[in-house]
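These are the residues of each chain, in order.
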Amino acid sequence: MLEVKNLHVTVEGKAILKGLDLTVNAGEVHAIMGPNGAGKSTLSAVIAGKDGYEVTQGSILFEGRDVLEMEIEERARAGLLLGFQYPIEIPGVKNIYLLKAALNAARAARGEGEIPAPEFMKLVREKSAEMKMDPSFLQRAVNEGFSGGEKKRNEILQMLVLQPKLAMLDEIDSGLDIDAMKVVAQGVNSLRNADRAILLVTHYQRLLNHIEPDRVHVLVDGRIAKSGDKSLALELESRGYDWVVEESAA
């Protein structure tokens, strides 16, 4: 589903990713871990098409399509979704209007008609309940006045409504208490299926207690220095990152 080859990325002239390779198949959950400044968030931001990043070398293919030749809107319509570490507030735009506009845009890209209003309301109410969000949140401006945990739940609500093919979640666990983390993890787990892939960027193994990854990758200085199964995350929890940094420098 996703194939990243020899990816080099700079931000304001500084090299961040330095030859990163990654393959993610449909049905898999991959966790990206690593020390601060290793390039974890940069990877998902570049795939999604966020401004401010310059790809100087390498390629990104999504279902065989060249992602770097696609506009942000094209990437979203193709089924890419980025869940933000710091979701922004959008004053004046109701949550429910954003969800409906985004869903209908995705449906139009698939050649489907607009979702009927009763069907849409049933869908968003069901998904809001799954995320333990009061229905009143649907009528509020996007993320305005939301707590950190409420913003993260709202990101997952968007994901549940839009049903992306590749969901990239950038430190979705930061700022969450244990109850909120369980709710967010349940939402993510409910999306796991053979046709969808999920990329989790996280600092902490605790999230992976709730969302079990198929593969764990450790980024060090812009490259994947080590990959393994979920046991690698447990090892990182007990030993930290220094040993991986030392191995990659050897």
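Just so we're clear, the structure is a prediction, and the values are computed from it rather than from any experiment.

Undergrad: What's the story with the packing of helix 5 (residues 148–162) against helix 6 (residues 178–190) in this structure? I'm lost.
TA: Any two packed helices are characterised by the angle at which their axes cross and by the distance between the axes. In the contact formed by helix 5 and helix 6, the axes pass within 10 Å of each other and the chain directions differ by 15 degrees. The orientation of helix 5 with respect to helix 6, classified from their angle, is roughly parallel. When you trace helix 5 past helix 6, the crossing you get is left-handed. Contacts between helix 5 and helix 6 involve Lys152, Arg153, Ile156, Met159 and Leu160 from the first element and Ala180, Val183, Val184, Gly187, Val188 and Ser190 from the second. Looking at the contact of helix 5 with helix 6 residue by residue, the classes come out as 7 nonpolar, 2 polar and 2 charged.

Undergrad: How do you make sense of the pairing of strand 2 (residues 14–24) when you look at a structure like this?
TA: Remember that side chains alternate between the two faces of the sheet whenever the strand is regular. In this structure, strand 1 (residues 2–11) lies alongside strand 2, joined through 8 bridges in antiparallel fashion. Each residue of the ladder has a partner; that of Leu2, found in strand 2, is Val24. Hairpin connection between strand 1 and strand 2: a loop of 2 residues separates the two successive antiparallel strands, and Glu12 in this loop has a positive phi of roughly 50 degrees.

Undergrad: Just checking my understanding: could you explain the pattern of salt bridges for this structure?
TA: If the charged atoms of two oppositely charged side chains come close together, the side chains can form a pair. Inspection of every chain in the model, using the stated rule, returns 12 salt bridges. Where Glu112 meets Arg107, a salt bridge forms, and the shortest distance between an N and an O atom there is 3.9 Å. Note on Arg107: relative accessible area 16%, which makes it buried. A salt bridge links Glu126 to Lys122, with the nearest nitrogen and oxygen atoms 2.8 Å apart. Within this pair, Glu126 and its partner Lys122 are both found in helix 4 (residues 117–130), separated by 4 residues, close to a single helical turn. The exposure class of Glu126 is partly exposed, given its relative accessible area of 37%. Taking the relative accessible area as the measure of exposure, Lys122 reaches 53% and is therefore exposed. Residues participating in the shared-partner salt-bridge network are Arg107, Arg110 and Glu112.

Undergrad: What is the right way to look at the packing of aromatic side chains in this model?
TA: Inspection of every chain in the model, using the stated rule, returns 1 aromatic pair. Arranged with centres 4.9 Å apart and planes meeting at 85 degrees, the rings of Phe137 and Phe146 form a pair that is edge-to-face. We note that Phe137, like Phe146, is buried. Above the plane of the ring of Phe137 lies Arg140, whose end atom (NZ or CZ) is 4.7 Å from the centre. For the cation-ring pair, Arg239 lies above Trp243, with the distance from its terminal atom to the ring centre recorded as 4.1 Å.

Criteria and thresholds
Residues numbered from 1 in each chain as written. Predicted model: local features only at pLDDT ≥ 70, side-chain atom pairs only at ≥ 80, totals over all residues. Heavy atoms only, no water. Axes fitted to C-alpha atoms, helices over the stretch in contact; angles between N-to-C directions. Helix = DSSP H or I, 4+ residues; strand = E, 2+ residues; numbered from the N terminus. Parallel < 35°, antiparallel > 145°, perpendicular 65-115°, else oblique. Left-handed = near helix turned anticlockwise from the far one by under 90°. Contact = heavy atoms within 4.5 Å. Nonpolar A, V, L, I, M, F, W, Y, C, P; charged D, E, K, R; others polar. Pairing = 2+ DSSP bridges. Salt bridge = Lys/Arg side-chain N within 4 Å of Asp/Glu carboxyl O. Buried < 20%, exposed > 50% of the residue type's maximum accessible area, 1.4 Å probe, protein only. Phe/Tyr/Trp six-rings, centres within 6.5 Å; stacked < 30°, edge-to-face > 60°. Lys NZ or Arg CZ within 6 Å of the ring centre and 35° of its normal.

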